[in-house]
Amino acid sequence: MAIYLHEKYAKEVEQKFTLDSVIAGKCSNKYTFEGVKTVNIPTIVAQDLTDYTRSGMQRYGEPKEVQDTMQSMTMEYDKGFSLTVDKGNNSEQNAIKNAGRVLKVQMEEKVIPLNDKLALFKWTQFAGKVAGVAAALTKDTVLAEIRKCRKYFVDHKIKMKEGTIYLGVPSSVYTVMLELTEFIEADKLGEELLSNGVVGKIYNMLVTEMPEDYFTDGVQFLAWKSDAVLNPKKIWDTKIHMDPPGLSGHLLEGRFIFDGFVIGEKSDAVYACVLNSKKLTCSITTSTGAITSSGSSLIMYTTDGTDPRYSKSAKVYSAALGEIKSGTVRAVGFSNLESGKFTSDVAEASA
C-alpha cells in the first residue's frame, strides 16, 4: 500500500471499529507452556466395580494395576509482524504514526481477532460433541437445539451451575434468539456479567454474541464450560525499537505463540452445533482395517481403545491396518481451517 504525503493532515487518525477479546476470561489457565511447546496431561482410568465375595483370598476382586491415558497438547500457531515508521514520513504527516498508536491498532485489528478465531476453531473441532443440524437455526428451531445441548451436558454430569457455561453464538443466531421468551437479556443480569461481554442468559448458560466471521462457516453455536478449554499464550511479545541500525524512525515487532485446546477428560463440557452438510463422516471396515473419512484433511486412529481426538497414542492413518482380530480400533476425521468442515463422530470397530 502507498504512504500518502499530502499537504495537510488532520491531527486525529481513524481506526476500524474493534472488539476486546471475546474469549478472554472464559477459559482455563491451569496449564502453563512456559519454556516448553508441548504439555502432556495424564488422566487416571477408573475401574468398574465387581461383586464382593464373602470367602476366599480376593474378596474385593482381583487386584488390577491402575491405568492411565495421556493427552499431548502441542502449540501450533507462531505468528509475527514487523512494521517501520520512518521519521521523515511521520513528521510530514503531522506525526499521526506515533509508534504506540500504530502498535495499538495492530494488536486490536489483527492480533486479538486472530487469536480468538483460531482458538474458537480448535474448540469447535475438538468439542466432545459435534452435533449436526439440517439447516441454519431459526426462531422456530434454535430453542430445541439449545435444549439438546443442555440435555447432553446434564446426561454427561456437567453441572449447569449459573455462570459457569458459556454459549458463543454468531450474530445471525443471536438475532433469532432475541425473539425467545426463555432468553434473558443482559440488562437484567447485572453489571458483573455485562463487563465480561455477556449479552444474555438462557438455561443458565451465559450468551456471548460474536461476529459471524469469528466462527467457521456453518457453526450455529458453541457451548463450553470454562475449565474445559485452554487458550495458552507462550509468547505474547511486542517491541518498539527507536532508530535501529539502518532506519531513522521506529521499528515495531511482535511475536505471538498461542493455540486453543480442549481438555480430553473434560471434553463432554464442550458442545458444538454445526450444519450437517459440513460435518465429516468416518467409518472402519473390520475385515480390512480400512478407515474412510471423505473430505477430511487428516484421519487419526488408536488401537488401544482410547479416544483418538485426545490420546497421545493416536496415530495418523495412511493405509489399511489389516483385519481387526483383537482389541478395539477407534478413528476420527479432521478438517483444517481452509477446508471449512467439522470433525466426524468417533468411529469404532472391534474384533
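Structure first, text after, so check above.
In this text the structure is predicted, and so the values were computed from the model without any measurement.

Draft legend 1. Summary view of the side chain of threonine 164. As for its placement among the helices and strands, threonine 164 is situated in the loop between helix H3 (142-155) and strand E5 (165-170). Looking at threonine 164, its side chain comes within polar contact range of the side chain of lysine 225, at 3.4 Å. Setting aside residues no more than four positions away along its own chain, threonine 164 makes contact with Lys159, Trp224, Lys225 and Ser226.

Draft legend 2. Representation of the sheet that holds strand E7 (residues 200-202). One open sheet holds the 7 strands; their spatial order is E4-E14-E9-E5-E8-E7-E6, and the pairing between them is mixed. Two strands in the sheet have a free side with no partner beyond their single neighbour: strand E4 (129-133) and strand E6 (184-185). Seen against the sheet, helix H2 (residues 99-125) touches E4, strand E8 (205-210), strand E9 (219-225) and strand E14 (270-275) and runs at an angle of roughly 85° to E9. Across the sheet, H3 touches E4, E5, E7, E8, E9 and E14, and the angle it forms with E14 is around 150°.

Draft legend 3. Examining H2 more closely. In a regular helix each residue adds 1.5 Å, so 27 residues correspond to 39 Å; H2 covers 38 Å between its end C-alpha atoms and thus fits that length. The sharpest bend along H2 reaches about 40° and sits at methionine 107.

Draft legend 4. Seen up close, the nonpolar core. With 54 residues, the main nonpolar core has Phe153, Leu167 and Met177 as its most contacted residues. Elements that contribute at least two residues to this core include exactly H2, E4, H3, E5, helix H4 (171-177), E8, E9 and E14. Contact partners of leucine 167, with chain neighbours within four places excluded, come to Ile146, Met177, Ile202, Met205, Leu206, Val207, Thr208, Phe221, Leu222 and Ala223.

Draft legend 5. Structural view of the pattern of salt bridges. Scanning all chains against the criterion turns up 16 salt bridges. A salt bridge links lysine 239 to aspartate 237, with the shortest nitrogen-to-oxygen separation between them at 2.6 Å. Classification of lysine 239 by relative accessible area gives partly exposed; the value is 38%. By relative accessible area, which is 31% here, aspartate 237 ends up partly exposed. Through salt bridges with shared partners, one network takes in Glu76, Lys122 and Asp259.

How each quantity is defined
Residues numbered from 1 in each chain as written. Predicted model: local features only at pLDDT ≥ 70, side-chain atom pairs only at ≥ 80, totals over all residues. Heavy atoms only, no water. Helix = DSSP H or I, 4+ residues; strand = E, 2+ residues; numbered from the N terminus. Polar contact = N/O pair within 3.5 Å; in protein donor to acceptor, adjacent residues only side chain to side chain. Contact = heavy atoms within 4.5 Å. Pairing = 2+ DSSP bridges. Axes fitted to C-alpha atoms, helices over the stretch in contact; angles between N-to-C directions. Expected span 1.5 Å × (residues − 1). Bend = angle between axes of the 7 residues up to and from the residue. Core = buried A, V, L, I, M, F, W, Y, C linked by side-chain atoms within 4.5 Å. Buried < 20%, exposed > 50% of the residue type's maximum accessible area, 1.4 Å probe, protein only. Salt bridge = Lys/Arg side-chain N within 4 Å of Asp/Glu carboxyl O.

By themselves, these figures tell us nothing about what the structure is for.
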